[in-house]
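# Fold and contact review
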Amino acid sequence: LLYRFVELQSLLIEGRIHAAEQGYAELAPKFITPAMLAELGPGQSRGMYGGVIYGHAVVQCLHFGQRALELTAEMDSLGIHTWSAAAAHVRMLYHAARGESEEMARCREAVESFALQGESTWQTDMFLPAILLDTFLLCGDMVATRRTAEQLTRRAEQVPSLTRHAQLAQAGYLALRGDLTGALAHFERLLPSFPPYRGLHWFAMRGHYAAALNRAGQHARAKQLLSASLAQLAPEEHSMVVLYLEPQRQLALAEAGLGEYASACQRLDTLLQRHGHEDNHLLLGLLHKARAEVALDMQDAATALIHVERVEHHFRA
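Reference entry: report on the structure contained in this document. (Residues numbered from 1 in each chain as written. Predicted model: local features only at pLDDT ≥ 70, side-chain atom pairs only at ≥ 80, totals over all residues. Heavy atoms only, no water.)

## Things to note about the overall build of the protein chain
Definition in use: Numbering of helices and strands runs from the N terminus, with a helix taken as a DSSP run of H or I at least four residues long and a strand as a DSSP run of E at least two residues long. Here the radius of gyration uses the C-alpha set of atoms, whereas the globule reference equals 2.2 Å times the residue count to the power 0.38. Relative accessible area decides the class of each residue, using a 1.4 Å probe on protein chains only: under 20% of the type maximum gives buried, over 50% gives exposed, and in between gives partly exposed. In what follows, residue pairs with any heavy atoms lying within 4.5 Å of each other are defined as contacts. Shrake-Rupley sampling with a 1.4 Å probe provides the accessible areas, and residues are treated as covered by the protein chains on show and by no other component. Charge convention: Lys and Arg are scored as positive, Asp and Glu as negative, and His as well as the terminal groups of each chain are ignored. Every charge is mapped onto a representative atom, which is NZ of Lys, CZ of Arg, CG of Asp or CD of Glu.
In terms of regular secondary structure, the protein chain is built from 17 helices and zero strands. A compact globule built from 317 residues should have a C-alpha radius of gyration of about 20 Å, and the protein chain, at 20 Å, falls within 12% of that. Taking all 317 residues of the protein chain together, the buried fraction comes to 51%. Restricting the contact set of the protein chain to residue pairs at least 6 apart, pairs at least 24 apart contribute 59%. Working note: accessible area of the protein chain is about 14,500 Å², and carbon and sulfur atoms make up 54% of it. Charge separation in the protein chain, taken as the distance between the mean sites of 28 positive and 34 negative side-chain charges, equals 4 Å.

Set out below in C-alpha cells:
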C-alpha cells in the first residue's frame, strides 16, 4: 500500500492528476480496513490514511464542488496534529482557487500558525508561493505576483527546481504591468521548462502565456499554442477546471481575435452551459467576461450587456 502511495505521489508531481485522483480514491479505504486496524493499530492506520486523503483533497481543489472541504473535515477528525495542519493548507488552496481572498487570508493565518508550531514550515516557505501563483495571475493581482516572484527567486537559490516557477511569476508580473514584450520573451524561454505532463502547472502555464499573446494581438500564436496543448488532454482531464478552464477561455479569445466568432461563441457558450450552475465565482466570472468581450468585438451590445451583468454578479460575490 505504501509503494502504491508513492506511485501516486509521482503521478501527481508529473501532472497525471486524473490518474492520481482515481488512485487516491481507491487506496484510501484500504488503510482503515478491520484487518489493517488490527495489524497496525488505530493510530498508525489513521496516520497513513491521513496522508492519502491529503493528496486526494489537494486534487479535489482543482474541481468544482466542496469535496475538498469534506476531506479536510475528515482530516481534522483524525486527531493528528500533522493532518490538521495539512487540512489548513487544503482549505487555503480551495478558497484561493475560487478567488475568495478574505477566506484565503484567514486560512493562511492558520497555516502560518501551524508553521510556528513546527509543522510544514517548508510548505509555507516554498510550496505555497508556487501553488498560489495561478490564482494571483487569474485575479490580476500584480502586487501579489511580484511578491511571489521575489519569494520564489530567493528560495530557488536553495531549491533549484523552483527556478522555473520564479521565472513564471516574473513573466506573469511583466504581463500584468503591461510590459508585453518582456513578458513574451520570458514565456518563450520558459516553454521548454514546462513540457506536457511534467508538473502540475504545465497546462496552466500555457494559458498565462496565451493571455499575454492575446493582449499583444498575437492571436494566431495563442491559438496554435493552446490547440496543440488541448490535444494532449484526455477527455476526463477537463474536469480539473482550476488548471484547464483558463486555457480554453484564452483559446476562445484567440479565435475571436482572428475573426472566428462562431467558434469562439460556441466554445464559451458550451463552457457556460456545462459549468454555469457551479459556485466558483472567479472562474465563472472570467468566462462571462470573455463572452462579453467577444460580443463587444461583434458589436452585439445586447449580448455583451447580459454577460457584463453576470460578471458583476460573480465578481461582487
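The structure having been displayed, the exposition proceeds.
## What about the side chain of Glu255?
The condition that has to hold: Polar contacts here mean pairs of N or O atoms no more than 3.5 Å apart (in protein, one a potential hydrogen donor and the other a potential acceptor; neighbouring residues in sequence count only if both atoms are side-chain atoms).
Its location among the elements puts Glu255 in helix 14 (residues 241–257). A polar side-chain atom of Glu255 sits 2.9 Å from a polar atom in the side chain of Arg267. Excluding residues within four positions of it along the chain, Glu255 makes contact with Lys223, Glu260, Ser263, Ala264 and Arg267.

## So, the side chain of His56
Locating His56 in the fold gives a position in helix 4 (residues 42–60). In contact with His56, other than residues within four places in its own chain, are Glu21, Tyr24, Ala25 and Leu71.

## A few points about the pattern of salt bridges
Rules: One side-chain nitrogen of Lys or Arg within 4 Å of one carboxyl oxygen of Asp or Glu is enough to make a salt bridge.
The final tally for this structure, using the stated rule, is 15 salt bridges. Where Glu112 meets Arg108, a salt bridge forms, and the shortest distance between an N and an O atom there is 3.7 Å. Of the two residues, Glu112 and Arg108 are both situated in helix 7 (residues 101–116); the distance of four residues between them amounts to about one turn of the helix. Exposure remark for Glu112: the relative accessible area of 37% places this residue in the partly exposed category.

## Considering helix 16 (residues 281–297)
Here is the rule: For a helix, the expected span equals 1.5 Å multiplied by the residue count minus one.
Helix length check: helix 16, at 17 residues, gives a terminal C-alpha distance of 24 Å against a target of 24 Å (1.5 Å per residue), a fit within 8%. Those residues of helix 16 that fall on the buried side of the exposure criterion are Leu282, Leu283, Leu284, Gly285, Leu286, Leu287, His288, Ala290, Arg291, Ala292, Val294 and Ala295. Its side-chain oxygen at 3.3 Å from the backbone nitrogen of Leu282, Asn280 defines the N-terminal cap of helix 16.

## A short note on unusual backbone geometry
Positive phi is not limited to glycine here, since Tyr197 has a value of about 55°. Topologically, Tyr197 is positioned in the loop between helix 11 (180–190) and helix 12 (202–215). According to the relative accessible area criterion, Tyr197 is buried, its value standing at 5%. Positive phi is not limited to glycine here, since Gln299 has a value of about 60°. Along the chain, the position of Gln299 falls in the loop between helix 16 and helix 17 (301–316).

## Brief notes about the packing of helix 6 (residues 81–96) against helix 7
Note the cut-off: Note on definitions: angles span 0 to 180 degrees between N-to-C directions of axes, and those axes are lines fitted to C-alpha atoms, for helices only across the stretch in contact. Angle categories are assigned with fixed cut-offs, so that under 35 degrees is roughly parallel, over 145 is roughly antiparallel, 65 to 115 is roughly perpendicular, and the rest are oblique. When the near helix sits turned anticlockwise from the far one by under a right angle, the crossing is termed left-handed; a clockwise turn instead gives a right-handed crossing. Here the term charged refers only to Asp, Glu, Lys and Arg, the term nonpolar to Ala, Val, Leu, Ile, Met, Phe, Trp, Tyr, Cys and Pro, and the term polar to all other amino acids, Gly among them.
Their axes nearest at 8 Å, the elements helix 6 and helix 7 cross at an angle of 155°. Taken together, helix 6 and helix 7 sit at an angle that is classed as roughly antiparallel. Pair helix 6 / helix 7 crosses with left-handed handedness. On helix 7, the residues touching His81, Ser84, Ala85, Ala88, His89, Arg91, Met92, His95 and Ala96 of helix 6 are Glu103, Met104, Cys107, Arg108, Ala110, Val111 and Phe114. Residue composition of the contact of helix 6 with helix 7, grouped by class: nine nonpolar, four polar and three charged.

## A few points about helix 17
The cut-off we apply is this: Note that the arc is defined by the directions from the helix axis to the C-beta atoms.
The terminal C-alpha atoms of helix 17, which comprises 16 residues, lie 22 Å apart, in line with the 22 Å expected from a rise of 1.5 Å per residue. For helix 17, the set of buried residues is Thr303, Ala304, His307, Val311 and His314. On an axial view of helix 17, the arc spanned by its buried residues comes to 95°, and they lie on one face. In helix 17, the exposed positions angled more than 90 degrees off the buried face are occupied by Ala301, Ala302, Leu305, Ile306 and Arg316.

## Things to note about the packing of aromatic side chains
In plain terms, the rule: Put simply, two rings from Phe, Tyr or Trp (the six-membered ring, in Trp's case) pair if the centres are within 6.5 Å, and we call them stacked under 30 degrees between planes, edge-to-face over 60, tilted for the rest.
Summed over the entire model, instances satisfying the criterion amount to five aromatic pairs. Aromatic pair Tyr54 and Trp83: ring centres 6.0 Å apart, planes at 45°, arrangement tilted. Of this pair, Tyr54 sits in helix 4 while Trp83 sits in helix 6, placing them 29 residues apart in sequence. Each member of the pair, Tyr54 together with Trp83, is buried. Aromatic pair Trp202 and Phe203: ring centres 5.3 Å apart, planes at 80°, arrangement edge-to-face. One aromatic cluster is present, formed by Tyr197, Trp202, Phe203 and Tyr244 through successive ring pairs.

## Regarding the packing of helix 1 (residues 2–14) against helix 2 (residues 17–27)
In the contact formed by helix 1 and helix 2, the axes pass within 8 Å of each other and the chain directions differ by 155°. With respect to each other, helix 1 and helix 2 are oriented roughly antiparallel. Here helix 1 runs over helix 2; the crossing is left-handed. Side by side, helix 1 and helix 2 meet where Arg4, Phe5, Leu8, Gln9, Leu11 and Leu12 of the first sit next to Ile17, Ala19, Ala20, Gly23, Tyr24 and Leu27 of the second. Counted by class, the contact of helix 1 with helix 2 contains nine nonpolar, two polar and one charged residues.

None of this, on its own, says anything about what the molecule does.
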